[in-house]
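Residue-level structural notes
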Amino acid sequence: MLVVIANDLPPAVRGRMKLWFVEPRPNVFVSGLKDSVAITVVDYLYKHCPPDSGLVIFRSLPHPPGYEIRTIGPPRKPMTTLSGLQLVIETLTQA
């Protein structure tokens, strides 16, 4: 499975993404691509998306931890690696 979340995509890239993905919300793309095709799509995104696109790419892996997180440009939420596990840092606000 491949999930791509973007802040902003160039129109040509967004149109191309709709060939491979379902877009349940604007700039959120989900697909069940095979591993080899997913790698090709990720390579395409790295070639055609500027850093201000703000992409976060989640790709499923057949080995632990079961996923990989990659980014293009600075993501809105910081990430960290803890014991080899990639995590997105959430901040809690008290009401």
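Below: a short report on this structure. (Residues numbered from 1 in each chain as written. Predicted model: local features only at pLDDT ≥ 70, side-chain atom pairs only at ≥ 80, totals over all residues. Heavy atoms only, no water.)

1. Let's talk about the layout of surface pockets
Note the following rule: Space inside and on the surface of the protein is sampled on a 1 Å grid over the protein atoms alone, with a cavity defined as a set of points where a 1.4 Å probe fits but cannot get out and a pocket as an open set with protein on both sides within 12 Å along at least 5 of 7 lines; lining residues have an atom within 4 Å of a point. Grid points are joined across faces, edges and corners, and a volume is the space filled by probe spheres set on the points. Classes in brief: Ala, Val, Leu, Ile, Met, Phe, Trp, Tyr, Cys and Pro nonpolar; Asp, Glu, Lys and Arg charged; the others, Gly included, polar.
The space that makes up the largest pocket amounts to roughly 300 Å³. The wall of the largest pocket is formed by 14 residues, among which Ile5, Asn7, Val56, Arg76 and Lys77 lie closest to the centre. Looking at the lining of the largest pocket, its residues break down into 9 nonpolar, 3 polar and 2 charged.

2. Some details on the sheet that holds strand E1 (residues 2–5)
Basically, it comes down to this: What makes two strands pair is DSSP finding at least two bridges between them. Secondary structure elements are defined from DSSP: runs of H or I of at least 4 residues count as helices, runs of E of at least 2 residues count as strands, and each element is numbered from the N terminus. With axes taken as lines fitted to C-alpha atoms, and helix axes fitted only over the stretch in contact, angles between N-to-C directions fall between 0 and 180 degrees. We call two residues in contact whenever any of their non-hydrogen atoms come within 4.5 Å of each other.
Within the open sheet, the 5 strands sit side by side as E2-E3-E1-E4-E5. Their pairing is antiparallel. On the outer flanks of this sheet lie strand E2 (22–25) and strand E5 (67–72), each paired with one strand and no other. Direction aside, neighbouring strands of the sheet carry axes that sit 20° apart on average. Here E1 runs beside strand E4 (residues 55–60); their pairing, made up of 4 bridges, is antiparallel. Across the sheet, the residue bridging to Val4 is Ile57, located in E4. In this fold helix H2 (residues 35–48) packs onto E1, E4 and E5, with an angle of close to 170° to the strand it touches most, E4.

3. Examining unusual backbone geometry
Put simply, the rule reads: The rule is simple: take the accessible area with a 1.4 Å probe, protein chains only, and divide by the maximum for that residue type; under 20% is buried, over 50% is exposed, in between is partly exposed.
The residue after Pro64, namely Pro65, is reached through a cis peptide bond having omega 10°. Along the chain, the position of Pro65 falls in the loop between E4 and E5. For Asn27, which is not glycine, the phi dihedral falls at a positive 65°. A relative accessible area of 14% places Asn27 in the buried class. A positive phi angle is found at Ser83, which is not glycine, with a value near 55°.

4. Let's talk about H2
Threshold: To estimate how far a helix should reach, multiply one less than its number of residues by 1.5 Å.
Between its first and last C-alpha atoms H2 spans 20 Å; for 14 residues at 1.5 Å apiece the expected length is 20 Å, and the two agree. Against the buried residues of H2 lie E1, helix H1 (11–20), E4 and E5.

5. Some remarks on the nonpolar core
As a reminder, the rule being used: By convention a nonpolar core is built from buried Ala, Val, Leu, Ile, Met, Phe, Trp, Tyr and Cys residues, the set being connected through side-chain atoms within 4.5 Å.
Ranked by size, the top nonpolar core spans 18 residues in total, and within it Leu2, Val4, Leu9, Met17, Phe21, Leu45 and Leu55 carry the most contacts. Among the elements of the structure, E1, H1, H2 and E4 are those that each provide at least two residues to this core. Setting aside residues no more than four positions away along its own chain, Leu55 makes contact with Val4, Ile5, Ala6, Leu9, Leu45, Cys49, Arg70, Thr71 and Ile72.

6. Overview of the environment of Pro26
Relative to the helices and strands, Pro26 is located in the loop between E2 and strand E3 (28–31). Overall, the relative accessible area of 65% leaves Pro26 in the exposed class. Spatially, the C-alpha atom of Pro26 lies 13 Å from that of Pro10, the residues being 16 residues apart in sequence.

7. Thoughts on the side chain of Asn27
Mapping Asn27 onto the fold places it in the loop between E2 and E3. Setting aside anything within four residues of it in sequence, one finds Asn27 in contact with Val4, Ile5, Ala6, Asn7, Leu9 and Arg14.

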